[in-house]
Amino acid sequence: MPSLPDALRQRVFEEARHRCEYCQTSRRVTGIPLVIDHIIPRSLGGTNERGNLAASCYRCNEFKGDRTHTFDHVTGDFVPLFNPRQDRWSEHFAWANGGTHIVGLTPVGRATVMVLRLNNETVVEARALWVSRDWHPPQD
Ligand SMILES: [Zn+2]
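In this report, we go over the structure that sits alongside the text. (Residues numbered from 1 in each chain as written. Predicted model: local features only at pLDDT ≥ 70, side-chain atom pairs only at ≥ 80, totals over all residues.)

**Thoughts on the overall build of the protein chain**
Reasoning step 1: When you go through the protein chain residue by residue, the secondary structure sums to six helices and six strands.
Reasoning step 2: Relative to the globule expectation of 14 Å for 140 residues, the C-alpha radius of gyration of the protein chain, 15 Å, shows essentially globular dimensions.
Reasoning step 3: Over its C-alpha atoms, taken along the principal directions, the protein chain stretches across nearly 45 × 35 × 25 Å.
Reasoning step 4: Taken across its 140 residues, the protein chain has 29% of its residues classed as buried.
Reasoning step 5: Within the protein chain, contacts between residues at least 6 apart in sequence are counted, and of these 58% link residues at least 24 apart. (Helix = DSSP H or I, 4+ residues; strand = E, 2+ residues; numbered from the N terminus. Rg over C-alpha atoms; globule rule 2.2 N^0.38 Å. Buried ≥ 20, exposed ≤ 12 C-beta atoms within 10 Å, placed from the backbone. Contact = placed C-beta atoms within 7 Å.)

See below:
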């Protein structure tokens with residue numbers, strides 16, 4: 001598969017306002033460049049088309065790996081992970097504890113919180129600092 005054109009990569013980051021489309025972490029807060037997530041992984045036939053691309057932080061991208069679905073621990077249903085191109089973040093997730101934690105509101109949200117470890121110890125510690133400076137959570 002040809003590599004992703006740089007202009008398209010930049011467009012994905014700009015349209016995401018330089019935030020991870022899963023955990024909402026801003027590149028501007030971490031100083032760490034975002035990466036391109038293939039919503040359907042290339043290994044499973046996912047393409048380089050805009051509809052399959054999302055801006056992601058390095059951690060979410062690593063934890064997601066080549067997964068597209070998992071079990072929701074509440075309903076036991078096998079559900080798709082959050083799809084930033086099709087789903088609205090605020091319908092599936094909410095901030096808790098003043099912005100340090102992400103709560104899954106739906107089976108998709110809960111499954112995604114679990115697989116992507118959206119409340120891993122490292123990011124929760126960082127969020128607490130960002131919240132104390134009013135840099136987080138995003139207000140829009
Ligand atoms: Zn992330």
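On we go from here.
**Describing the nonpolar core**
Reasoning step 1: If you look at the biggest cluster of nonpolar residues, it comprises 22 residues, and the most contacted ones within it are Cys20, Tyr22, Cys23, Cys60, Leu116 and Leu118.
Reasoning step 2: It is helix H5 (residues 107–115) that contributes the most residues to this core, four residues altogether.
Reasoning step 3: What Tyr22 contacts, discounting residues up to four positions off in sequence, is Ser56, Cys60, Phe82, Thr112, Leu116 and Leu118. (Core = buried A, V, L, I, M, F, W, Y, C linked by C-beta atoms within 7 Å.)

**So, the environment of Arg27**
Reasoning step 1: Structurally, the position occupied by Arg27 is in helix H2 (residues 27–30).
Reasoning step 2: Judged by the 17 C-beta atoms lying within 10 Å of it, Arg27 is partly exposed.
Reasoning step 3: Arg27 has contacts with His18, Ile32, Pro33 and Leu34, leaving out every residue within four places of it along the chain.

**Quick notes on unusual backbone geometry**
Reasoning step 1: Of note, the bond from His136 into Pro137 is cis; its omega dihedral lies within 30 degrees of zero at 0 degrees.
Reasoning step 2: Position of Pro137 relative to the elements: it lies in the segment after helix H6 (121–132).
Reasoning step 3: For Arg17, which is not a glycine, the phi torsion comes out positive at approximately 50 degrees.
Reasoning step 4: Its location among the elements puts Arg17 in the loop between helix H1 (6–15) and H2.

**As for the pairing of strand S5 (residues 93–96)**
Reasoning step 1: Where S5 and strand S6 (residues 101–104) come together, four bridges link them in antiparallel fashion. Paired with Ala94 across the bridge in S6 is Val103.
Reasoning step 2: Here S5 hands over to S6 after four residues, with Asn97 in that stretch at a positive phi of 55 degrees. (Pairing = 2+ DSSP bridges.)

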